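# Architecture and fold: a report
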Amino acid sequence: MRRLLITLLVFALAGIAGFFVLTDPRVVSPGPEIGTLPQPDIENGKLLFAAGGCASCHATPGQDDKTRLGGGLELGSPFGKFHAPNISPHTRDGIGNWGTADFIQAMAAGVSPAGQHLYPSFPYTSYRLMTPKALADLLAYIRTLPAVEGRAPPHELPFPFNIRRMVGGWKLLFFDGAPFKPDPTKSDEWNRGAYLVQGPGHCAECHSARNSLGAIVQATRYAGGPDPEGKGWVPNITQSEDGLSKWSKSEIAELLKSGFTPEFDSVGGSMAAVVRNTAQLPEADRLAMAEYLKSLPPVQGPPRPPKPASGG
Amino acid sequence: MIRTALVALGLAIGVSAVVAQSNPIAERKDAMKSVGAATREGAAIAKGEAPFDAAKVKGIFKVYSDAAKKVPALFPDNSKTGGETTAAPKVWEDQAGFKTAFAKFEADAAKGAASATDLATFRAAFGDATKNCGSCHEAYRIKK
């Protein structure tokens, strides 16, 4: 009896230790090899900043200047409320003290300079596809923006989601840390589009259904689903009937430029901010994204909830 | 005979007015659809796919200002759901902001009707007026 108890205790401790080792940020999601980087290209950083929509979440709400990245925007989720942090180059309140390696570690592996996991409400799950060189360019651009004082309020997450270590378990299950690999059998344009859509553009983060742990359901990637913040429905953008099968490549590129659909409806909700960003890209990049989207196989998304009856 | 026809016509108008009154969701969606159709024509002109035509251009801005005058009143409290509406709850939570957004749309359309005398001035005015589409839809519209 006593021996059994001790055995159980040993197993329990080994289990906890195992969980700790496995969920160690540097074990479950090691940062990429950086090597030596060339002089950063600030113009490329600016393009990636637009493609990545960083300002949509990090610009201080209620002001017109989208380059003041003081944070504070509230992001709803089934797990609690997040507040986008200050990522302006302010040395105390923002990321002014971060080195290039710190930034790459956060963007590609979701690990903060203090060695803690970052929550995937920050879409590093997509941004990790950017190469260290691209991320260094992005940081160089952010460093040219104004330093903004003040910190965002802390996240409002109930137990156990308030324990960052838990994210380690999530990463074990769902996080793939590999950077983008071009497909040599496809055109340069297709590869550019695939990179922009999957990586900086993080289109799948909204246009996919998620499981109960908040991870994208891979089988219906891009096939639409409930809005991640719980407001409304995000449409299917695969080549299915209810997706973009009837849209031409130039119609998709037009949407990413002006927000107009082929019926001359104008996209709203959270897509309006995405369009403000993709409108800043060169036309060739919008066409490349459209080229890639036109190549997505048709996938049936989850069924939409029934429409509520009239009234009320 | 003529009298019967007139009565019938009068009734038809009366009936359709009642139907429209009782179906604000369909009515506002129709008004917005005509705004969409006018925007298609405007975009073709702005892109040089259709020739600049002063009368047509005035017509486009008129569709905008007519809708901006008419639509804000078509959101009674009993029309928050149903009829495949895509109006966001914020329409009712922030009526003041919603009406201001329509007033700005109307003002930009009126400015366009007055200033668009050639392709260049039309492009500028059309660009300004259509900025209102995305910014209003961003705040006050949600696909369900």
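Reading guide: rules and limits
Residues numbered from 1 in each chain as written. Chains lettered and ligands numbered in written order. Predicted model: local features only at pLDDT ≥ 70, side-chain atom pairs only at ≥ 80, totals over all residues. Heavy atoms only, no water. Domains from an automatic or database assignment. Contact = heavy atoms within 4.5 Å. Buried area = accessible area lost by both parts, 1.4 Å probe. Polar contact = N/O pair within 3.5 Å; in protein donor to acceptor, adjacent residues only side chain to side chain. Helix = DSSP H or I, 4+ residues; strand = E, 2+ residues; numbered from the N terminus. Salt bridge = Lys/Arg side-chain N within 4 Å of Asp/Glu carboxyl O. Nonpolar A, V, L, I, M, F, W, Y, C, P; charged D, E, K, R; others polar. Phe/Tyr/Trp six-rings, centres within 6.5 Å; stacked < 30°, edge-to-face > 60°. Lys NZ or Arg CZ within 6 Å of the ring centre and 35° of its normal.

## Describing the domain arrangement of chain A
Residue and element names in this part refer to chain A.
- Here chain A is described as being made up of domain 1 (38–174) and domain 2 (188–294).
- On a C-alpha basis, the centres of domain 1 and domain 2 stand 22 Å from each other.
- Domain 1 puts 24 residues into the contact, and the matching count from domain 2 is 22 residues.
- The junction of domain 1 with domain 2 conceals about 1800 Å² of combined surface from both sides, 61% of it contributed by carbon and sulfur atoms.
- At the junction of domain 1 with domain 2, the criterion picks out six residue pairs in polar contact (both at pLDDT 80 or more).
- For the side of domain 1 that touches domain 2, the elements supplying multiple residues, two or more each, are α3 (42–52), β1 (74–75), α6 (124–127) and α8 (166–174).
- At five residues, the largest contribution of residues to the side of domain 1 that touches domain 2 is made by α3.

## Digging into the interface of chain A and chain B
- The interface of chain A with chain B comprises 23 residues on the first partner and 20 residues on the second.
- Regarding the contact of chain A and chain B, the summed buried area is about 1700 Å², with carbon and sulfur atoms giving 53% of it.
- Applying the counting criterion to the chain A and chain B interface returns three salt bridges.
- Of the charged contacts in the structure, one is a salt bridge between D265 of chain A and R141 of chain B, with a shortest N-O distance of 2.9 Å.
- Inspection of the region where chain A meets chain B yields seven residue pairs in polar contact (both at pLDDT 80 or more).
- If one sorts the elements of the side of chain A that touches chain B by residue count, helix α11 (residues 271–278) of chain A sits on top with three residues.
- A per-class count over the side of chain A that touches chain B returns nine nonpolar, seven polar and seven charged.

## Observations concerning the packing of aromatic side chains
- Applying the stated criterion across every chain, the model contains 19 aromatic pairs over all chains.
- Three or more aromatic residues joined by ring pairs make a cluster, and in this case those are F52, F61, Y64, F105, F122 and F126 of chain B.
- Between K171 of chain A and the ring centre of F175 of chain A, over which it is positioned, the NZ or CZ distance is 5.8 Å.
- In this arrangement the basic side chain of K90 of chain B is found over the ring face of Y140 of chain B, its NZ or CZ atom lying 5.2 Å from the centre.

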